[in-house]
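The residues making up each chain are set out below.
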Amino acid sequence: MSATTRRLTTAQALVRFLSAQYTERDGVRRRLIAGTWGIFGHGNVAGLGQALLEAGEDAMPFHQGRNEQSMVHAAVGYARQLNRLSAQAVTTSIGPGATNLVTGAALATINRLPVLLLPGDYFATHSADPLLQQLEHPVEADVSVNDTLRPVSRYFDRITRPEALIPSALQAMRVLADPAETGAVTLALPQDVQAEAYDWPEEFFAERVWYVRRPAPDPVELTAAVEAIRSAQRPLIVAGGGVHHSEAETALKAFVDATGIPVASTQAGKGALRYDHPADLGGIGHTGTAVSDDLARTADLVIGVGTRYTDFTTASGTLFQNPAVRFLNLNITGFDAHKLAARTLVCDARSGLELLREALAGHRVEASYEAEYRAGKERWEEVVEAAYRADDDSAVPTQTQVLGALDAAVGDDDVVINAAGSLPGDLHKLWRSRSPRQYHLEYGYSCMGYEIPAGIGVQQAAPGTPVWALVGDGTYLMMPTEIVTAVQEGLPVNIVLIQNHGYASIGGLSEETGGERFGTAYRFRAADGTFTGAPLPVDLAANAASLGMEVLRAKTVRELREALAAARSSDRPTCVYVETDPAPTAPPAEAWWDVPVAETASREAAVEARERYDRQVAGRRRHL
């Protein structure tokens, strides 16, 4: 080895390179790749597995997972907690280990969150085709199962020669660190190339800092935005996840305090203002609050800050009904900024809000508008209180009473995690966010099974922070395996496990759309062949205990409050198990969501559902 090169395998070189990568924003430096999750098999055990062992924990901490999809979820939870400034890698074998990454990769990319995926791949030399677990394509010999990761990755490469790693690794880091480009990044690593040695230039392993920029808006765009805001009578801010990623919460509060413009939030943006700020109206859209949705229908200017405008936010194109409504979108990506034919401010959320506030000095909405939305906020707070209230401590709690008990138990800096089922709607309407990171809803992909591994990732990112993973029985049965990881690592993640005997959210949707709750209950088959018999005698609490958790069973509201308090003070992974009263206590949807209904049907429920659907879809408009 010469003085300017170092002979290492490709896997050893990659681990050493990753250990020297950093991000820096606002003078704060972090490891870009802070650790690696892995499950080993013949596609990575002798390559990356050996390299990680040789590098040691100081150079690259290793985390042992139980399910490849869960490992990605844990890495995503980690990155989100740290505002995308630090990420983790995930390595798998070839075959099913690699394809198990696809769901997690889609979740990461849809939510604009960084994760580095390092799946093993077949021999680059094709010396032993077909390998165990190899997909053989009859006309494309360079295709492997890893190609399923292409459409869900922001950057993809297959490293077929050691030296090809150098430019590809640099591109991978660029994408991961870029707030406008980030998402899942995949470097597929043929197992023979992982173990192949090469003389690497020393410069490849030098410490490298990726500066996370805060681009300011274009002056012409800024002038147009200021004019649009000054001329609006009923402006409304829609705060998305970009507010959090940019750490723009203080800038948003200063902007709102100065202008009086109210804020409604998406699932990703909730907590951009504290719940008790006079201008915080809570969630918007299909699962939004009455005050947010009422104002959205009459708004003449909608100011989107860091939002993607999904159908839940726009109520499938039926929410913003003012004929004169126009949109102004502040977003770091031009792709999102141009949605809804908006005026654009393509910039960092914090930078943009600060410059807008300065340019709007002295401007404020009419006092009557402030009085209107504040009164609506007060009325909605009464709805929240009613949903949370439990008049009988000895009764079986409803789901919203579970949230009320949790609201009373958590501190300002606790993190509450959820992703799927009926809980996201209840949380978006009712949860009182007290800090920017308390409300952690993955609703870009709404992936069942996300909550428990994401809780582990959040705990790794913020040691000492109480973390709550809220799951229903459907989600729990999908993917409880990472409980073992929490126990192994001594991470005191709390699980609130709600047993309601089926897919509650989809059951309600099925009923609304004429499906009559078909196939959504966890019950025995009845004599007619349907799943309408007695509830299944599945003991999920015993299952959690068998995986190593401390389990607290709560049958009443009083026992639930006691169990939540005990879990929060525990120093080990704890599960609070509660079977809820199925009586609906959540406020109904304040806006529509388009799920197409059968146009022809013989069953009365579907016919009636189609009539409702036709009435609702007539309200859709395109904003051009």
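A brief report on the enclosed structure follows. What you are looking at is a predicted structure, and each value in this text was computed from that prediction instead of being measured.

### Points about the nonpolar core
Residues Ile-229, Ile-237, Leu-252, Phe-255, Leu-356, Trp-468 and Leu-470 are the most contacted members of the largest nonpolar core, which totals 80 residues. The element best represented in this core is helix H15 (residues 367-388), accounting for six residues. Those residues in contact with Ile-229 that sit more than four places away from it in its chain are Phe-255, Ile-261, Leu-301, Ile-303, Leu-328, Leu-356, Leu-360 and His-363. Membership of the second largest hydrophobic core comes to 34 residues, among which are Ala-11, Leu-14, Leu-116 and Leu-165.

### Some details on the environment of Pro-537
In this structure, Pro-537 sits in the loop between helix H21 (504-512) and helix H22 (540-546). Sequence-wise, Pro-537 and Phe-524 are 13 residues apart; in three dimensions their C-alpha atoms are separated by 9.4 Å.

### Thoughts on the packing of helix H1 (residues 10-18) against helix H6 (residues 165-177)
Pairs of packed helices are described in terms of their axes, by the angle between the two and the distance that separates them. Packing of H1 against H6 leaves a shortest axis separation of 11 Å and a crossing angle of 35 degrees. In this structure, the crossing between H1 and H6 has a hand that is right-handed. Packed against H1, whose contacting residues are Thr-10, Leu-14, Phe-17 and Leu-18, the element H6 presents Leu-165, Ala-169, Leu-170 and Met-173 at the interface. Broken down by class, the residue content of the contact of H1 with H6 amounts to seven nonpolar, one polar and no charged.

### Topic: the sheet that holds strand S11 (residues 208-211)
In space, the three strands of this open sheet follow the order S3-S2-S11, with mixed pairing throughout. Looking at which strands have only one partner, the edges of the open sheet turn out to be strand S3 (28-31) and S11. On average, adjacent strands in this sheet sit at an angle of 30 degrees to one another, irrespective of strand direction. One ladder, built from four bridges, connects strand S2 (residues 21-25) with S3; its direction is antiparallel. Following the sheet pairing, Glu-24 is matched in S3 by Arg-29.

### Structural notes on the environment of Tyr-503
Note that Tyr-503 resides in the loop between strand S21 (494-499) and H21. The class of Tyr-503 is partly exposed, set by a relative accessible area of 30%. Residues Tyr-503 and Arg-517 lie 14 residues apart in sequence; the distance between their C-alpha atoms is 9.2 Å. Setting aside its immediate chain neighbours within four residues, Tyr-503 contacts Met-448, Gly-474, Gly-519, Thr-520 and Tyr-522.

### Notes on the pattern of salt bridges
This model, assessed by the stated rule, comprises 37 salt bridges. With a shortest N-O distance of 2.5 Å, Glu-385 and Arg-432 are connected by a salt bridge. Remark: Arg-432 occurs in the loop between helix H17 (423-430) and strand S19 (439-441) and Glu-385 occurs in helix H15; sequence separation between them is 47 residues. Accessibility expressed as a relative area gives 10% for Arg-432, which makes it buried. Between Glu-516 and Arg-603 there is a salt bridge whose closest N-O contact spans 2.6 Å. With Glu-516 in the loop between H21 and H22 and Arg-603 in the loop between strand S23 (574-579) and helix H24 (604-617), the pair connects residues that are 87 residues apart, well separated along the chain. Given a relative accessible area of 52%, Arg-603 falls into the exposed group.

### Description of the sheet that holds strand S18 (residues 415-418)
On the basis of which strands lie adjacent, the open sheet formed by six strands has the order S19-S18-S20-S21-S23-S22 and parallel pairing. Each end of this open sheet is capped by a strand with a single partner; those strands are S19 and strand S22 (550-554). Averaged over all pairs of adjacent strands, the angle between strand axes in this sheet comes to 20 degrees, irrespective of strand direction. Judged from the six bridges that link them, S21 and S23 form a sheet pairing that is parallel. Looking at the pairing, Ile-495 lines up with Cys-575 of S23.

### Focus: the pairing of strand S4 (residues 33-38)
A large share of S4 lies buried, amounting to six of its six residues. As a crossover connection, the stretch from S4 through helix H2 (residues 45-55) into strand S5 (residues 62-64) is right-handed.

### Examining the environment of Trp-431
One can find Trp-431 in the loop between H17 and S19. Trp-431 sits 15 residues away from Val-416 along the chain, and the two C-alpha atoms are 9.8 Å apart. Those residues in contact with Trp-431 that sit more than four places away from it in its chain are Lys-270, Tyr-388, Leu-403, Leu-406, Asp-407, Val-410, Val-416, Asp-426, Gln-438 and Tyr-439. Polar side-chain contacts of Trp-431 include one of 3.1 Å to the side chain of Gln-438.

Conventions and cut-offs
- Residues numbered from 1 in each chain as written.
- Predicted model: local features only at pLDDT ≥ 70, side-chain atom pairs only at ≥ 80, totals over all residues.
- Heavy atoms only, no water.
- Core = buried A, V, L, I, M, F, W, Y, C linked by side-chain atoms within 4.5 Å.
- Buried < 20%, exposed > 50% of the residue type's maximum accessible area, 1.4 Å probe, protein only.
- Helix = DSSP H or I, 4+ residues; strand = E, 2+ residues; numbered from the N terminus.
- Contact = heavy atoms within 4.5 Å.
- Axes fitted to C-alpha atoms, helices over the stretch in contact; angles between N-to-C directions.
- Left-handed = near helix turned anticlockwise from the far one by under 90°.
- Nonpolar A, V, L, I, M, F, W, Y, C, P; charged D, E, K, R; others polar.
- Pairing = 2+ DSSP bridges.
- Salt bridge = Lys/Arg side-chain N within 4 Å of Asp/Glu carboxyl O.
- Right-handed = clockwise from strand over helix to strand, strands pointing away.
- Polar contact = N/O pair within 3.5 Å; in protein donor to acceptor, adjacent residues only side chain to side chain.

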